[in-house]
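Secondary and tertiary structure notes
Next come the chains, spelled out residue by residue.
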Amino acid sequence: MRVLLTAGPTREPLDPVRFLSNRSSGRMGYALARALLAEGHQVVLVTGPTALRPPAKAKVVPVETAEDMLAACRRHWSDCDAVVGVAAVADYRPARHSGDKLKRTEGQGLSLELVPNPDILATLAKDKGGRLAVGFALESGDGKVEALRKLRAKNLDFVVLNGPEAQGAEQASLRVFDAIGKERHLGPARKPTLAKQLVRWIFGRIPA
Ligand code: CTP
């Protein structure tokens, strides 16, 4: 299979030196890319900025913003058989991007206006036909109901539920749900181990 995989955070610029982002390290996405490659699949890794070395055998497409990520994914989606959305996409971006550095005004606050970013995974999965779509759901508390809502709303075949403590961490616990509500617990384990188990569970019955 040829798998389109999004990973890492996105960065939404405010001015030439500042951006909005999140704690995603890219570890889970890169571990999944490695696990897929090890099983003989091809991987197009569309990645936000991370400190990690990408797997040598992946086709790596570096991006910064959510809009760049969507554009890059759209270019590759028609050649792929599956999409796995692991990226922690910033849901909002500053309404205005200043070409000059914003200046501090003594004694005055600053309000930021934010506008919504596109939902990358939902946009791709909407027209997936018979292709496979897998998403992650990052929820605080018991997120099962919300994870299953995302599975349906984004037209996914599987959703992987994790908590905020997984972001940026080396270890995690995951719950995987399929479209008929079957559930599987994985971990706690290091992300490379979880990635192998996830790939076996989700792609195991599908030939490379
Ligand atoms: N996702 C995406 N584009 C977005 C937001 C999310 O592709 N703009 C993908 C993520 O990669 C993940 C899934 O959608 O696979 C769910 O992401 P999550 O942040 O849990 O959910 P949101 O849809 O952003 O909902 P909320 O933040 O309100 O919980």
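Residues numbered from 1 in each chain as written. Predicted model: local features only at pLDDT ≥ 70, side-chain atom pairs only at ≥ 80, totals over all residues. Heavy atoms only, no water.

With that settled, consider a nonpolar patch on the surface. Among the surface-exposed residues, Y92, L102, L110, L112 and L114 lie close enough to one another that they form a single nonpolar patch of about 490 Å² accessible area. Its place among the elements puts L112 in the loop between β7 (92-94) and β8 (114-116). (Patch = residues over 30% accessible without salt bridge, like charges linked within 9 Å, V, L, I, M, F, W, Y side chains within 5 Å. Areas by Shrake-Rupley, 256 points an atom, 1.4 Å probe, with all protein chains shown as cover. Salt bridge = Lys/Arg side-chain N within 4 Å of Asp/Glu carboxyl O. Helix = DSSP H or I, 4+ residues; strand = E, 2+ residues; numbered from the N terminus.)

The next thing to look at is the environment of L138. Considering the arrangement of structural elements, one finds L138 in strand β9 (residues 132-138). In this structure, the C-alpha to C-alpha distance between L138 and A166, residues 28 residues apart in sequence, is 8.7 Å. Beyond its immediate sequence surroundings of up to four residues, L138 is in contact with K150, N162, G163, P164 and Q167. (Contact = heavy atoms within 4.5 Å.)

With that settled, consider the pairing of strand β4 (residues 42-47). With five of its six residues buried, β4 lies for the most part within the structure. In terms of strand pairing, strand β1 (residues 2-7) meets β4 through six bridges, oriented parallel. Across the sheet, A7 pairs through a bridge with T47, a residue of β4. (Buried < 20%, exposed > 50% of the residue type's maximum accessible area, 1.4 Å probe, protein only. Pairing = 2+ DSSP bridges.)

Remark: helix α1 (residues 27-38) packs on helix α5 (residues 191-203), axes separated minimally by 8 Å, with the N-to-C direction vectors making an angle of 55°. Overall, the two elements α1 and α5 adopt an arrangement that is oblique. The way α1 lies across α5 gives a crossing that is right-handed. Between α1 and α5, the contacting residues are R27, M28, A31, L32, A35 and L36 on the first element and K191, P192, L194, A195, K196, L198, V199 and F203 on the second. Here the contact of α1 with α5 is composed, by residue class, of eleven nonpolar, no polar and three charged. (Axes fitted to C-alpha atoms, helices over the stretch in contact; angles between N-to-C directions. Parallel < 35°, antiparallel > 145°, perpendicular 65-115°, else oblique. Left-handed = near helix turned anticlockwise from the far one by under 90°. Nonpolar A, V, L, I, M, F, W, Y, C, P; charged D, E, K, R; others polar.)

Let's shift gears to the site of the ligand. Lining the immediate environment of the ligand, one finds 14 residues, of which G85, A87, L121, F136 and K154 sit closest. One of the backbone N or O atoms of F136 is found 2.9 Å from an oxygen atom in the ligand. Measuring from an oxygen atom of the ligand, one finds a side-chain N or O atom of K154 at 2.6 Å. Notes on the ligand: free accessible area 570 Å², of which the protein chains cover 77%. (Near = heavy atom within 4 Å. Polar contact = N/O pair within 3.5 Å; in protein donor to acceptor, adjacent residues only side chain to side chain.)

Our focus in this paragraph is the pattern of salt bridges. Side-chain pairs of opposite charge can arise where the charged atoms are in close proximity. Within the structure shown, the criterion is met by 13 salt bridges. Linking R18 and D15 is a salt bridge whose minimum nitrogen-to-oxygen distance equals 2.5 Å. Look at R18 and you get partly exposed, because its relative accessible area is 34%. The buried category is assigned to D15, whose relative accessible area is 2%. Salt bridges here are not isolated pairs; linked through shared partners, they connect D142, K144, R175 and E183.

So, on to the packing of aromatic side chains. All chains considered together, the criterion is met by zero aromatic pairs. The cationic tip of R131 hangs over the ring face of W77; the distance from NZ or CZ to the ring centre is 3.7 Å. The ring of W201 carries the charged tip of R184 above its face, separated from the ring centre by 4.8 Å. (Phe/Tyr/Trp six-rings, centres within 6.5 Å; stacked < 30°, edge-to-face > 60°. Lys NZ or Arg CZ within 6 Å of the ring centre and 35° of its normal.)

Attention shifts here to the side chain of E12. Mapping E12 onto the fold places it in strand β2 (residues 12-15). As a buried residue without a salt bridge, E12 has its nearest oppositely charged side chain in R93, at a separation of 5.6 Å. In terms of polar contacts, E12 uses its side chain to reach the side chain of T10, at 2.8 Å. A distance of 3.4 Å separates polar atoms of two side chains, one belonging to E12 and the other to N117. Here E12 is in contact with F19, L20, T65, A66, A90, Y92, R93, P94 and N117, once residues within four sequence places are set aside. (Lys, Arg positive; Asp, Glu negative; His and termini not counted.)

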